[in-house]
Amino acid sequence: MSTNSLKKVSLAAGAAGVMAQTASTALGQGVDGLIAGIKSSSDKVRTEAWLGAGKAGAPAVKPLAKVMTDNDLEVARAAKRALWKIVRYTGRPGANQERRAVETELVRLLGDDQPVAVRREVLWMLSEIGARRSIEAVAGLLKNEELREDARMSLERIPNRRALAALKAGFEAAPEDFKPNIAQSLRKRGEEVAGYPCKKLVPTKKTDVKPL
């Protein structure tokens, strides 16, 4: 290998080492460091930041949600991935206190002051770790035309009797065009719903095929 080639390899290794050290230092500075890493112009630093975000916990939820709408698509994507890391980390067995804290912060992001894209993502996050404290806020979005489908699916996946009760109440209050959707969720939860058959079982075209 030539002297010039050795110098290039050495410089590349040095640059990689500096970026790794920068990312490690940023992550060691708490939430502010995490956000700095997520917003970095370096792909490597951003990736290291979101991969290591799990333990940041509840304090990082709102700041990351804010960055999820960043004009830089890669930065916004890294923030979303970081928030999902936190959600799944707190979903581990024995992390009840951490999970409740993160759930509380997520519920606060369901308000009208938040962008639809953020609220939609939060609904799916709550479908994984949500419990009783999430249900009222999620159920309230069954009336929101932009988010009602996500809210329905979130309630369907939350393993709580109150979530089932919220689906039943939502079904009664839903406009006719949305009742079949909620009926499907109720069937998924083991409930019988008359008058609104599963759309998958309703023929969409006439056929000459006869049953055996």
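Here is what the cut-offs are and how they apply
Residues numbered from 1 in each chain as written. Predicted model: local features only at pLDDT ≥ 70, side-chain atom pairs only at ≥ 80, totals over all residues. Heavy atoms only, no water. Helix = DSSP H or I, 4+ residues; strand = E, 2+ residues; numbered from the N terminus. Buried < 20%, exposed > 50% of the residue type's maximum accessible area, 1.4 Å probe, protein only. Contact = heavy atoms within 4.5 Å. Salt bridge = Lys/Arg side-chain N within 4 Å of Asp/Glu carboxyl O. Axes fitted to C-alpha atoms, helices over the stretch in contact; angles between N-to-C directions. Parallel < 35°, antiparallel > 145°, perpendicular 65-115°, else oblique. Nonpolar A, V, L, I, M, F, W, Y, C, P; charged D, E, K, R; others polar. Core = buried A, V, L, I, M, F, W, Y, C linked by side-chain atoms within 4.5 Å. Arc of directions from axis to C-beta.

With that out of the way, let us pick up the environment of Ala58. Of note, Ala58 is situated in the loop between α3 (43-51) and α4 (61-67). On the accessibility criterion, Ala58 (17% relative accessible area) is buried. Residues Ala58 and Glu98, 40 residues apart in the sequence, show an inter-C-alpha distance of 7.4 Å. In contact with Ala58, not counting residues within four places along its chain, are Ala101, Val102 and Glu105.

Looking now at the pattern of salt bridges. Oppositely charged side chains can pair when the atoms bearing their charge come close. Counting across every chain of the model gives 12 salt bridges. The structure contains a network of salt bridges with shared partners spanning Glu149, Arg152 and Glu156.

Counting through the fold element by element, Gly130 comes out in the loop between α7 (116-129) and α8 (132-140). Along the backbone, Gly130 and Ser154 are 24 residues apart, and their C-alpha atoms lie at a distance of 8.6 Å.

Running from N to C, helix α9 (residues 148-157) and helix α11 (residues 179-188) point in directions that differ by 10 degrees, and their axes come no closer than 10 Å. Between α9 and α11, the angle is such that the two are roughly parallel. Residues Glu149, Arg152 and Glu156 of α9 form the contact with α11, whose own contacting residues are Asn181, Ile182, Gln184, Ser185 and Lys188. Of the residues contributing to the contact of α9 with α11, the split by class is 1 nonpolar, 3 polar and 4 charged.

What follows deals with the nonpolar core. If you look at the biggest cluster of nonpolar residues, it comprises 53 residues, and the most contacted ones within it are Ile38, Leu64, Leu106 and Leu155. Aside from chain neighbours lying at most four places away, what touches Leu155 is Ile135, Val138, Ala139, Leu142, Ala163, Ala166, Leu167 and Arg189.

This brings us to α3. The periodicity of an α-helix, 3.6 residues per turn, causes residues three or four positions apart to be oriented the same way. Among all positions in α3, only Val45, Arg46, Ala49 and Trp50 are buried. Taken down its axis, α3 places every buried residue within 125 degrees of arc, on the same side.

This is a description of form; function is not addressed.
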